[in-house]
Every structure is written in structure tokens, then in C-alpha cells.
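Reading the structure
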Amino acid sequence: MADPGEQTSEPTSAGTGPEALADRRILDRLGALRAADLPVRGGRTMAYVYDSGLPGIEELASAAAAAFAGVNGLDMTAFPSVVSLENDIVGRAARLLGGGPDTAGTFTSGGTESCLLAVLTAREHALRTRGVTEPELVLPETAHAAFHKAAALFGLRTVVVPVDPLSYRVRAGDLAVAVRDRTALVVVSAPSYAHGVIDPVAEAAAEAARRGVLCHVDACIGGWYLGHLRLGSGAPVPPPFDLSVPGVTSLSVDLHKYGYTAKGASVLLFRDAELRRHGWFAHASWPGYPVVNATLQGTKAAGPLAAAWAVLERIGTDGYTALSLRVHRAVTALVAGVGKIDGLRVLGSPDSSLLALAADGPGIDPFVVADEMRGLGWYVQPQPAFAGSPANLHLTVTAAMAGDETVRKLLSALAEAVAAAAARGPAEPGAAVLEAAAALDPAALTPGEAALALTFAGVGEGGELPERMAPVLAVLQALPPALAERLLPELVGRLYRHAGP
Ligand SMILES: *Cc1c(COP(=O)(O)O)cnc(C)c1O
């Protein structure tokens, strides 16, 4: 065993001294807290978590992260290891996703940070190269919320373009009409989170390029999956969506999704380093150390970077291709199977590993189906109705659930849940609740009114949510978005109330 002063991966809890006992008790308490969470392994949680199903991946990622736990990615000259790891990862992503010798990239903490940086970079590029002082962000209504967050944080006006009501893909012509001289960036998804469909990337990028505007492909969830799927023999080839498409100037791809790496890992690729540098922040006008930040963070954990590098090395291109093929087969079987369930239908025709399941026929409430599924040991994610998209259930299919047996179990659980939901009937908000909500002005809501509205929606004093969420979601869905956006932080604020002093 190493000297106690040396770096060691041996946990102190391996011993029998008082510290070891204390450590074990602390870890037990953490374990007890985790018991209330959704499972992160096994594929039955069909949103938020990604399980490759391969043995030892999580252990490898944890060991790699532990080895880099103390490293600070803030200063790449002090910790050259982070440069090496990041260049390896970005190189892999660039090779997979149509990059060339000029492609440059950045490792970020996740999809949201990648999207934020894509928008920030475009804003600065538009200002410095075209003098755009009131920049706009053109995006389909199906684009990820992260882009609205970026616009809000970085002061861009959003120009939201509706999508085709049947395919849920944006029409390139509609995007083109929205582009103006002050457009900093056009965004398309490959695929969109809500419906799993790929926007017409080539047409959109060509329109953007024709106007001298940058175009970002949000391949956060689909890039790693689709990029490897198309390498597999017999697999469907998705329409071109990556940096090889003329006019595409940046692309985001999350490793903590279909790269099955530990959370905190995404890559943002740019057509070249000259574009990338517009999003960097440098500061030498203070008495401290000279600052160059490629991301939003200062001190930067290197654990997720090391974990991602290790998992990418372990699974490798062939491994990911096999995982993608496995997921693709499961999605095909699920689409066919859902077609045979009376009362459910797939929205659009999914291009990737995500499904949106809506009610087919009256009397079935997807949110009630979600509650029933929860009781059967499955988490499927409710998506409220929005614009032309009806209320539905989102399913992220990962390799861990993609075996024939698990797919069969999921389909039979869905059938059972739909039958139970039909018997129970939809969760409909009461007329009185809706009437009271209609009278509320979100901009002028007092804390008292907000509290009352939450009580009407079924939320407890301490932010506790009822076992069955369908009634709460039904109210949420019926509220004007501005009111929902006022009440949701109120709800979450109730959860985050510290115990002391
Ligand atoms: C997940 C996702 C994001 C945001 O990524 P986070 O890692 O959750 O921050 C952005 N776009 C799409 C399409 C996504 O699926």
C-alpha cells in the first residue's frame, strides 16, 4: 500500500479504524438517498440515463474519473494531460462526424454548454465579421430548450419557425424566410429530442450559407448513435447531417448520451479554429493569472474528460457500431409493436433511437399511461402538448434495453398500461382551476398567488409531488407557457430549501 501522503486509489474505508467506520457510514447514507432515485442501469429508465449494458464500463469510467479527480482543466499548461485527452476525444468526434483537417473542437460539460457556446460563438462572429449588433437566432420550434436559454443569457432575439405538422421536421424554405441580415445562427436538429426526427440539414445549411450565415447542427443526442449506425452493414443510412454537409459550421454531440460515458461530457465541433476562437474568453487585465477559457467554466473538473476518454477507448468504433445496430433493431421492433397496441401510436416516423408515443383514440391519456408504466417499473417521459404536437411519451432507447426479451417486456407493459389508462380515464384539470389560472397574470403574480396556484395543481407545501403525476401534468399543460414558466421555478424553489440555521 502506498504511503498515506501519496496519491492512492485505495479507499480509506477498506480499513477498520474509526475513519474507515465513519466513511462507511457516510457512504451508506449516500446509498440510502439513492434508493429513492430512478434506476440508472438496466434500460428501464427511458430518459435522462444511458446504459450500454456492457460489463465494467461504469467501473472503468469511475476509476478514470477518480484518477483525475484533483486535476484542474482551468490551466492546460499546468495539466497538459487534459490537452492530450481533449485532443484525442475531439479528433474521434471529428473523424466520425464529417470533420476535415481544419475541424476544431471543444470538450464541454454537456449538451447545454455545447449549445450555449455555439450560440455565443455565432453572436461574436456576427458582431466582429458583419457588425451585427442586434443578433437573431433562427430555430425550429422543435429545437432544444438550451437554445432559448442561450438566447436569454446572451441577448439574442429568437425567431421560432414552425415545423411540418405531420413529420415534425422544419421546412428549409420556412427557415430561409426567417433569415435576415442580423441572423447570427440557424439551428437544426439531428435529431430533435421530442420526436427523434432529423431536420433537412443539407437544405437548411445551404440556405444559411447563401446568406452568409452560420448553421449549427444539434446532434447532441443523435450524433454518436447515427454516426456509428451508418458504419454498420445493413443499417439504414441517415440523410447527411454532419460537418461534411456544405454550410454546416458547427455541430454538438454529447458523449454522456450515446457515448455511454459518465455525465458531464459533450463535444462542440467547428468548421475551423478561426470560427471557434470567437467563443473563447481571454482576460489579462487583472492582477491574477492570465485567463483563457474555451468553455463557460473556470476551474474545470477533469474527471468527466478522463472518464469519457477511457470509455471511448474501451468501446471503440466497432463497439459503438454494434451498440447502434442493437438499438436500431430494438427501435424497429418497438415501432412495429406499438402499431399493434390499440390506443397508442408513434408520432412522425422516427429517424433515430427516440420515440414519441401519443394516444390513438379517445379516452387514453398518455400521462396516465406514464403513471401506470411507473407502477410497472418503467420510466417513460411525459411530453406536454405543444403547437401541433399532442401530449405524448418520450422513450430514449438505449443498448441496455435493446435485447429481444426486454423489448417484448416493454411492449407488454405498454399494452397493460394503456388498458389500465383506458379504464381509469384521462386526467382533466377542473374547470374551476382553469378559470382561476386564466385570471392570473404571470408577470404580476404575488408569492401568495403562486403558492395557491401550486396547491390547486396538487403540489405540496414542501414541493412534494403526488404519486400519480397525470393530474399535475394536465394542469401544467393547460396553463399558458408564460404562467407555467412562472410556476415551475416556484415549485422547484420549494424543493431547494436548506435545513439550517
Ligand atoms: C440532451 C440534449 C441537449 C442538451 O444536453 P444536456 O446534456 O442535457 O445539457 C441538447 N439538444 C438535444 C437534441 C438533446 O437531446
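Residues numbered from 1 in each chain as written. Predicted model: local features only at pLDDT ≥ 70, side-chain atom pairs only at ≥ 80, totals over all residues. Heavy atoms only, no water.

Looking now at the packing of helix H3 (residues 80-96) against helix H10 (residues 303-339). Running from amino to carboxyl end, H3 crosses H10 at an angle of 40°, the nearest separation of the two axes being 10 Å. Regarding the angle of H3 to H10, the classification is oblique. When you trace H3 past H10, the crossing you get is left-handed. Two secondary-structure elements touch here, H3 through Val82, Leu85, Glu86, Asp88, Ile89 and Arg92 and H10 through Leu305, Ala306, Ala308, Trp309, Leu312, Glu313, Gly316 and Thr317. Its residues assigned to classes, the contact of H3 with H10 shows eight nonpolar, two polar and four charged. (Axes fitted to C-alpha atoms, helices over the stretch in contact; angles between N-to-C directions. Helix = DSSP H or I, 4+ residues; strand = E, 2+ residues; numbered from the N terminus. Parallel < 35°, antiparallel > 145°, perpendicular 65-115°, else oblique. Left-handed = near helix turned anticlockwise from the far one by under 90°. Contact = heavy atoms within 4.5 Å. Nonpolar A, V, L, I, M, F, W, Y, C, P; charged D, E, K, R; others polar.)

Within the fold, threonine 103 resides in the loop between H3 and strand E1 (104-108). Of the residues examined, threonine 103 reaches a relative accessible area of 18% and is grouped as buried. A polar side-chain atom of threonine 103 sits 2.7 Å from the main-chain amide nitrogen of glycine 100. Not counting the four nearest positions on each side in its chain, threonine 103 is found in contact with Ala94, Leu243, Leu269, Phe270 and Arg271. (Buried < 20%, exposed > 50% of the residue type's maximum accessible area, 1.4 Å probe, protein only. Polar contact = N/O pair within 3.5 Å; in protein donor to acceptor, adjacent residues only side chain to side chain.)

Now for empty space enclosed by the protein. For the structure on display, the rule yields one cavity of 30 Å³ or more. Here the largest cavity is characterised by a volume of approximately 30 Å³. Every residue lining the largest cavity is listed: Ala118, Thr121, Ala122, Leu185, Leu214, Thr249, Ser250, Phe270 and Leu275. It is helix H4 (residues 111-130) that provides the largest number of residues to the lining of the largest cavity, a total of three residues. (1 Å grid on protein atoms, 1.4 Å probe; cavity = no way out; pocket = protein on both sides within 12 Å on 5 of 7 lines; lining within 4 Å. Points joined across faces, edges and corners; volume = space filled by probe spheres on them.)

Between helix H11 (residues 366-375) and helix H12 (residues 404-424), the shortest axis-to-axis distance is 8 Å and the interhelical angle comes to 125°. One way to sum up the angle between H11 and H12 is to call them oblique. Two packed elements cross with a definite hand, and for H11 against H12 that hand is right-handed. Listed contacts from H12 to Val368, Val369, Glu372 and Met373 of H11 are Leu410, Ala413, Leu414, Ala417, Val418, Ala420, Ala421 and Arg424. Among the residues forming the contact of H11 with H12, the class breakdown is ten nonpolar, no polar and two charged.

As a further point, take the site of the ligand. Taken together, Gly110, Gly111, Thr112, His144, Pro191, Tyr193, Asp218, Cys220, Ile221, Asp254, His256 and Lys257 are the residues near the ligand. A distance of 3.4 Å separates an oxygen atom of the ligand from a polar side-chain atom of aspartate 254. A distance of 2.7 Å is found between an oxygen atom of the ligand and a side-chain nitrogen or oxygen belonging to histidine 256. Considered on its own, the ligand offers 380 Å² of accessible surface; in the complex 85% of this is hidden by protein. Class assignment for the residues of the shell around the ligand results in four nonpolar, five polar and three charged. (Near = heavy atom within 4 Å. Areas by Shrake-Rupley, 256 points an atom, 1.4 Å probe, with all protein chains shown as cover.)

Attention now moves to the domain arrangement of the protein. Along its sequence, the protein is organised into domain 1 (81-310), domain 2 (316-424) and domain 3 (432-495). When each unit is reduced to the centre of its C-alpha atoms, the spacing between domain 2 and domain 3 is 28 Å. Carbon and sulfur atoms supply 57% of the area that domain 2 and domain 3 bury against each other, a total of about 730 Å² over both sides. Where domain 2 meets domain 3, there are one salt bridge. Between glutamate 372 and arginine 468 there is a salt bridge, and its shortest N-O distance comes to 2.7 Å. Viewed at the interface, domain 3 and domain 2 are joined by four residue pairs in polar contact (both at pLDDT 80 or more). When residues in the side of domain 2 that touches domain 3 are grouped by element, the largest group, four residues, is from H11. By residue class, the composition of the side of domain 2 that touches domain 3 is six nonpolar, no polar and three charged. (Domains from an automatic or database assignment. Buried area = accessible area lost by both parts, 1.4 Å probe. Salt bridge = Lys/Arg side-chain N within 4 Å of Asp/Glu carboxyl O.)

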